[in-house]
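# Notes for the structure review
Single-letter residue listing:
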Amino acid sequence: DGLRLEPASAPAPHPGEVIIEVEYASVNPVDLETIRGDNKMLLPLRPSFVPGVDAAGVVHAVGAQVQGFAAGDHVAVYTGVPVAGCFQRYIRVPAEHVARVPDGLELETAAALSLAGLAGKGAFEALGLGRPARVLIHGAAGSVGGAAFALAVEAGHEVIAHVHSRDAEDMR
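Residues numbered from 1 in each chain as written. Predicted model: local features only at pLDDT ≥ 70, side-chain atom pairs only at ≥ 80, totals over all residues. Heavy atoms only, no water.

## Brief notes about the overall build of the protein chain
When helices and strands are tallied, the protein chain shows four helices and seven strands. With respect to the principal axes defined by its C-alpha atoms, the protein chain has extents near 50 × 40 × 30 Å. Burial statistics for the protein chain: of 172 residues in total, 33% are counted as buried. In the protein chain, 71% of the contacts between residues at least 6 apart in sequence involve partners at least 24 apart. As presented, the protein chain carries roughly 10500 Å² of accessible surface, and 54% of it is formed by carbon and sulfur atoms. (Helix = DSSP H or I, 4+ residues; strand = E, 2+ residues; numbered from the N terminus. Buried < 20%, exposed > 50% of the residue type's maximum accessible area, 1.4 Å probe, protein only. Contact = heavy atoms within 4.5 Å. Areas by Shrake-Rupley, 256 points an atom, 1.4 Å probe, with all protein chains shown as cover.)

## Describing helix α2 (residues 107-126)
Taking 1.5 Å of rise per residue, the 20 residues of α2 would be expected to cover 28 Å, and the 28 Å separating its terminal C-alpha atoms lies within 8% of that figure. At Leu113, α2 shows its largest kink, close to 45°. Within α2 the residues assigned to the buried category are Leu107, Ala110, Ala111, Ser114, Ala116, Gly120 and Phe124. Looking at the packing, one finds that the buried side of α2 touches β1 (17-25), β2 (54-62), β3 (74-78) and α3 (143-154). Count one or two residues on from α2 and you reach Gly128, which has phi positive near 60°. (Expected span 1.5 Å × (residues − 1). Bend = angle between axes of the 7 residues up to and from the residue.)

## Structural notes on the environment of Gly72
Checked against the element boundaries, Gly72 lands in the loop between β2 and β3. As a C-alpha pair, Gly72 and Glu108 span 36 residues in sequence and 16 Å in three-dimensional space. If sequence neighbours within four positions are ignored, Gly72 has contacts with Val58 and Val59.

## Describing the confidence of the model for the protein chain
Model confidence for the protein chain is summarised by a mean pLDDT of 85, while 91% of its residues fall at 70 or above. Here helix α4 (residues 168-171) stands out as the element of the protein chain with the lowest mean pLDDT, 72, in contrast to β2, whose mean of 96 is the highest. (pLDDT = per-residue confidence, 0-100.)

## Considering α3
Between its terminal C-alpha atoms α3 stretches 17 Å, which fits the 16 Å expected from twelve residues at 1.5 Å a residue. Every buried residue belonging to α3 is among Gly145, Ala147, Ala148 and Ala152, and all of these are buried. Here the buried residues of α3 occupy an arc of 160° about the axis, which is enough to place them on one side. The exposed residues of α3 that point more than 90 degrees off its buried face are Ser143 and Glu154. Following α3 by one or two positions, Gly156 adopts a phi angle in the positive range, close to 90°. (Arc of directions from axis to C-beta.)

## Here we look at the pattern of salt bridges
Counted according to the given criterion, the structure contains three salt bridges. Here Glu17 makes a salt bridge to Arg92, at a shortest N to O gap of 3.5 Å. Remark: Arg92 occurs in strand β4 (residues 90-94) and Glu17 occurs in strand β1; sequence separation between them is 75 residues. Residue classification places Glu17 among the buried residues on the basis of a relative accessible area of 16%. What makes Arg92 partly exposed here is its relative accessible area of 35%. The residue Asp73 makes a salt bridge to Arg100 at a minimum N-O spacing of 2.9 Å. Remark: Arg100 occurs in strand β5 (residues 98-100) and Asp73 occurs in the loop between β2 and β3; sequence separation between them is 27 residues. Note on Asp73: relative accessible area 16%, which makes it buried. (Salt bridge = Lys/Arg side-chain N within 4 Å of Asp/Glu carboxyl O.)

## Here's the deal with the pairing of β3
Here β2 pairs with β3 via five bridges, running antiparallel. Looking at β3, one finds that Asp54 is bridged to Tyr78. (Pairing = 2+ DSSP bridges.)

Structure below.
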C-alpha cells in the first residue's frame, strides 16, 4: 500500500560517504512494522522515507576522505532504524557503516547478516565471558541466535543450543 517503485539515479557522495548500488536487501521485522505503520519509533514517517536497514551490493562511488573502499568492491551495510533506506537501488551511507564482504560469501547471504549478526554479537558480548565457559543459546537456529552460536563456538565455549524440534537435525 505504501511502497512504490520509481526510477533512481546514483547520488553523489559527500566526504566520508560511500554510494552503494544495492543488489540485495533483507526484510526484517522492523521493516515490516515500519511499512505497516506499526513502528512507533519512526512515526510519523517523513514523505521521502525508504525502509530497509541492511543490504549488500557493490560500491558505486566513494567520497573524499574515504579509505579502504573503491568502486566495484562487494560490501554489506547496516544503516540502523532511524536512517533505513536500503530498499532502493542506490544508498548513500557513512563509510563506518560499510563492511567488505569476504571472498566466497554471496551478496545475498551478506545482506541478511548485518542486523541479525550485530544483534547476536551484541548479545554474546554482553555476557562478558573472559574464558571458555558453558553457554546456553535459546533460538540458536534463528538469525540472531545463529550469530551468537557461531561467535561462541569460535571463542572456544561449550555451546548448548536450544532450538525447535524441526531445526534440531540441522544444528547437529
